[in-house]
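Here are the chains, one letter per residue:
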Amino acid sequence: MQHTDSFVRADQHRALGLSTFAFTVCFAVWTIFSIIGIQIKQDLGLTDTQFGLLVATPVLTGSISRAFLGIWTERFGGRIVFPLQMMITAAAVWMMTFVETYEMFLVVALGLGLAGGSFIIGVAYVSRWFENKNQGTALGVFGVGNVGAAVTNFAAPFLVVALGWEATAQVYAVVLAITAVVFYILAKPDPEHQRRQASGEVHVSVAAQLAPLKNLQVWRFSIYYFFVFGAFVALASFLPRYYVGAYGLELTTAGILAGLYSLPGSIFRAVGGWMSDKWGARFVIYMTFIVSLLVLFLMSYPGSHYIVQGIDGVIEFDISVSLSLFVTLSIVLGFVMSLGKAAVYKHIPHYYPNHVGSVGGLVGMIGGLGGFILPIAFGILLDVTGIWTAPFMLLFVLVAVSTLWMHFAIRNIERKQNPDLTIETYT
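Residues numbered from 1 in each chain as written. Predicted model: local features only at pLDDT ≥ 70, side-chain atom pairs only at ≥ 80, totals over all residues. Heavy atoms only, no water.

Peer 1: Describe the overall build of the protein, listing the residues and the values that go with them.
Peer 2: Scanning the protein for helices and strands turns up 19 helices and 2 strands. A burial count over the protein gives 56% of its 427 residues as buried. Of all intrachain contacts in the protein linking residues separated by at least 6 positions in sequence, the fraction that spans at least 24 positions is 83%. Accessible surface for the protein amounts to roughly 17,200 Å². Of this, 69% is attributable to carbon and sulfur atoms. (Helix = DSSP H or I, 4+ residues; strand = E, 2+ residues; numbered from the N terminus. Buried < 20%, exposed > 50% of the residue type's maximum accessible area, 1.4 Å probe, protein only. Contact = heavy atoms within 4.5 Å. Areas by Shrake-Rupley, 256 points an atom, 1.4 Å probe, with all protein chains shown as cover.)

Rendered as structure tokens:
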């Protein structure tokens, strides 16, 4: 990978700024079903399981597409692939307004899901502009584009109330198409792509690009990302529905409160990148998992009525998580997840500088699949158990297993490399 000592700082800022803005718009589009899906659910009379599948379908495409979009970005450059992906997605969003059946909504949602693939395009493009010591911070800033989920949670409910969900989707499609044109006009080819064009170097084969995927380490990173990103996407889509159902809130209020979760889950990703550069990505991931366990334990506790035989007779009392406490917990959860997302992607350009697209694409794909699988699982849990907090119980188990697996795997590696090592390091 080429170092950036000779790069013009303004070009670095241009690449990072344009990519972050484009990713923000794409992420807002990617999570649009979390809002308009509630109206579609009412119009079509969908079950929670059907609604979960509808919300999750764009995430499936966005996850799977990251694998080949990362490879294409390495081959053709982000300046070409990014606008092309946005234009195709904009067309799918516009077409959605003409759909009337649930089955066709699922089909169109697959096309809309390409918006989620924008992440790996931006990672592969941005990482080429920055030296290794600053890549964590740069990619953390780029990851702030996750704030697009908060934009949708804050703005889309009011657009739906004022214009209807169809016009809201059309507004999103137009904004995305304009963003694609602006990016293509203002962005520059990344330095590595320019170097290859100038030297006439033959493109790296697909087999060579995929070679690092044989490493278990890559799959371990993917498991981390399954929670910090996949669960983030799942909750960003699920929380509006949760607030409406569990607390009886209006859609606009539910959207705002869900946005309070999505906002720190996005904007503090830059802080996570900086922390990873300074203290090490492993430390940040450990902190993310431990805090998440505590928060999810409280969020998963269902409202309960207890009858206890006391000394002087029967004692009855209730335990429940108030709305204000739940919102506070969700904000804390979003914050630590944002740190974890940045930490995972700090690893990739450091260990695989010449395969950021392919490795990052796989990690993003597995992580994104969490955003597909979990909303469906949430819906099934609600239909089967009838307990509103059941989805948070599932997430608690997921984090607990991931934390134990990560810790023992890392300790095993360290013992093999340093048999006499007894003190944990976080670098």
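Peer 1: Please set out the packing of aromatic side chains residue by residue, giving values where relevant.
Peer 2: Geometry of an aromatic ring pair is reported as the spacing of the ring centres plus the angle between the planes. A full pass over the atoms with the stated rule returns 32 aromatic pairs. With a centroid separation of 5.6 Å and 55 degrees between ring planes, the pair formed by Phe105 and Trp165 is classed as tilted. Here the residue Phe105 occupies a position in helix α5 (residues 102-112), and Trp165 occupies one in helix α9 (residues 165-186), the gap between them amounting to 60 residues. A residue is classified by how much of its surface remains accessible, and Phe105, at 2% relative accessible area, is buried. With relative accessibility at 7%, the residue Trp165 sits in the buried group. Each residue in the set Phe23, Phe27, Trp30, Phe119, Phe142, Tyr225, Phe229, Phe232 and Tyr261 is aromatic and connected to the rest through ring pairs, giving one cluster. Cation over ring: Arg79 sits above Tyr184, and NZ or CZ is 4.3 Å from the ring centre. Over the ring of Phe232 we find Lys341; its NZ or CZ atom is 3.4 Å from the centre of that ring. (Phe/Tyr/Trp six-rings, centres within 6.5 Å; stacked < 30°, edge-to-face > 60°. Lys NZ or Arg CZ within 6 Å of the ring centre and 35° of its normal.)

Peer 1: Lay out empty space enclosed by the protein with the relevant residues and their values.
Peer 2: A probe matching the size of a water molecule, rolled over the atoms, marks out where space remains unfilled. For the structure shown, the criterion picks out 2 cavities of 30 Å³ or more. What the largest cavity holds in volume is close to 70 Å³. Asp48, Phe51, Gly52, Val55, Ser237, Phe238, Arg241, Pro375, Phe378, Gly379 and Leu382 together form the lining of the largest cavity. Looking at the lining of the largest cavity, the elements that each hand over two or more residues are α3 (48-76), α12 (216-247) and α18 (356-385). Looking at the lining of the largest cavity residue by residue, the classes come out as 6 nonpolar, 3 polar and 2 charged. Looking at which domains feed residues into the lining of the largest cavity, each of domain 1 (1-203) and domain 2 (207-426) gives three or more. In this structure, the second largest cavity is lined by Trp30, Thr31, Phe33, Ser34, Val55, Val59, Val233 and Ser237. Looking at the lining of the second largest cavity, the elements that each hand over two or more residues are α2 (33-44), α3 and α12. Considering only residue class, the lining of the second largest cavity consists of 5 nonpolar, 3 polar and no charged. (1 Å grid on protein atoms, 1.4 Å probe; cavity = no way out; pocket = protein on both sides within 12 Å on 5 of 7 lines; lining within 4 Å. Points joined across faces, edges and corners; volume = space filled by probe spheres on them. Nonpolar A, V, L, I, M, F, W, Y, C, P; charged D, E, K, R; others polar. Domains from an automatic or database assignment.)

Peer 1: How would you explain the packing of helix α4 (residues 78-96) against α9 if you had to name every residue and give the values?
Peer 2: The N-to-C vectors of α4 and α9 enclose an angle of 165 degrees; their axes lie 8 Å apart at closest approach. Compared by their axis directions, α4 and α9 come out roughly antiparallel. When you trace α4 past α9, the crossing you get is left-handed. Residue-level contacts link Gly78, Arg79, Ile80, Phe82, Pro83, Met86, Met87, Thr89, Ala90, Val93, Trp94 and Met96 of α4 to Trp165, Ala169, Gln170, Tyr172, Ala173, Val174, Leu176, Ala177, Thr179, Ala180, Phe183 and Tyr184 of α9. Tallied by class, the residues present in the contact of α4 with α9 amount to 19 nonpolar, 4 polar and 1 charged. (Axes fitted to C-alpha atoms, helices over the stretch in contact; angles between N-to-C directions. Parallel < 35°, antiparallel > 145°, perpendicular 65-115°, else oblique. Left-handed = near helix turned anticlockwise from the far one by under 90°.)

All quantities given are derived from atomic positions and should not be read as evidence of function.
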